[in-house]
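Read off the chains here:
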Amino acid sequence: MEGKSKIRIFLDDHPQPIAEVMSPINFELDTRKLVDGPHTLKIVGKDPTGKEGIRVIPFVVRNGPAIDVEGITEDAVVDGVIPIMINAYGKGNRSFLIEGSETPQSIPSWVWVLIIAFTGWALYYLFRYFAMP
């Protein structure tokens with residue numbers, strides 16, 4: 001194994017490596033065993049002369065159900081009673097479920113503005129058409 005670099009792979013801040021191998025290597029990281037949230041993968045390589053190189057790769061795991069919240073946003077300043085709708089749904093077993101697969105949302109205000117503007121424009125031309133002698 002002369003001339004090959006040694007690679008140690010660490011997950012988060014654990015002192016023990018999850019793998020210690022010789023390069024090159026194909027590595028599969030099973031994120032199903034990790035909790036959702038931010039993690040770091042630290043790779044330490046050591047060449048045959050003893051020089052070390054370190055690479056830290058931050059990543060986020062999202063294996064749990066997707067959670068949608070409508071009615072409040074992050075860092076919002078609020079007061080009074082706030083109606084909040086929460087929906088959580090998993091990725092499932094790849095079969096499509098109609099019920100609960102999408103988060104119902106209210107109609108955005110810009111859509112209402114467009115509907116009112118179009119209705120006003122249509123009524124204007126309708127009245128002008130019938131008002132002509």
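Here the structure is shown first, and the text comes after it.
Here we summarise the structure given alongside this text. Predicted, not measured: the structure shown is a model, and the values here were computed from it.

1. Topic: the nonpolar core
So, point 1. Within the largest apolar cluster, 8 residues are counted, these being Ile-7, Ile-9, Leu-11, Ala-19, Leu-34, Leu-41, Phe-59 and Val-61.
So, point 2. Secondary-structure elements contributing two or more residues to this core are strand 1 (6-11) and strand 4 (52-61).
So, point 3. Considering each element in turn, this core owes the most residues, 3 residues, to strand 1.
So, point 4. If we ignore the near neighbours within four places in the chain, the residues touching Ile-9 are Pro-17, Ile-18, Ala-19, Phe-27, Leu-41 and Lys-42.

2. Regarding a nonpolar patch on the surface
So, point 1. Together, Ile-67, Val-69, Ile-72, Val-78, Ile-84 and Ile-86 line one region of the surface with nonpolar side chains, adding up to about 530 Å² of accessible area.
So, point 2. Structurally, the position occupied by Val-69 is in strand 5 (residues 66-70).

3. Points about the pairing of strand 4
So, point 1. Here strand 3 (residues 37-46) runs beside strand 4; their pairing, made up of 10 bridges, is antiparallel. Across the sheet, residue Lys-46 finds its bridge partner in strand 4, namely Glu-52.
So, point 2. What sits between strand 3 and strand 4 in their antiparallel hairpin is a turn of 5 residues, with Gly-50 showing a positive phi close to 100°.

4. As for unusual backbone geometry
Most of the time, phi is negative for any residue but glycine, and the peptide bond is trans.
So, point 1. At the junction of Ser-23 and Pro-24, the peptide bond is cis and its omega measures out at -5° in the coordinates.
So, point 2. Mapping Pro-24 onto the fold places it in the loop between strand 2 (19-22) and strand 3.
So, point 3. Phi at Asp-12 is positive, roughly 55°, even though this residue is not glycine.
So, point 4. The topology assignment puts Asp-12 in the loop between strand 1 and strand 2.
So, point 5. The exposure class assigned to Asp-12 is partly exposed, which follows from its relative accessible area of 23%.
So, point 6. Not every positive phi belongs to a glycine, and Asp-75 is a case in point at roughly 60°.
So, point 7. If you trace the backbone, Asp-75 turns up in the loop between strand 5 and strand 6 (85-89).

Rules behind the numbers
Residues numbered from 1 in each chain as written. Predicted model: local features only at pLDDT ≥ 70, side-chain atom pairs only at ≥ 80, totals over all residues. Heavy atoms only, no water. Core = buried A, V, L, I, M, F, W, Y, C linked by side-chain atoms within 4.5 Å. Buried < 20%, exposed > 50% of the residue type's maximum accessible area, 1.4 Å probe, protein only. Helix = DSSP H or I, 4+ residues; strand = E, 2+ residues; numbered from the N terminus. Contact = heavy atoms within 4.5 Å. Patch = residues over 30% accessible without salt bridge, like charges linked within 9 Å, V, L, I, M, F, W, Y side chains within 5 Å. Areas by Shrake-Rupley, 256 points an atom, 1.4 Å probe, with all protein chains shown as cover. Salt bridge = Lys/Arg side-chain N within 4 Å of Asp/Glu carboxyl O. Pairing = 2+ DSSP bridges.

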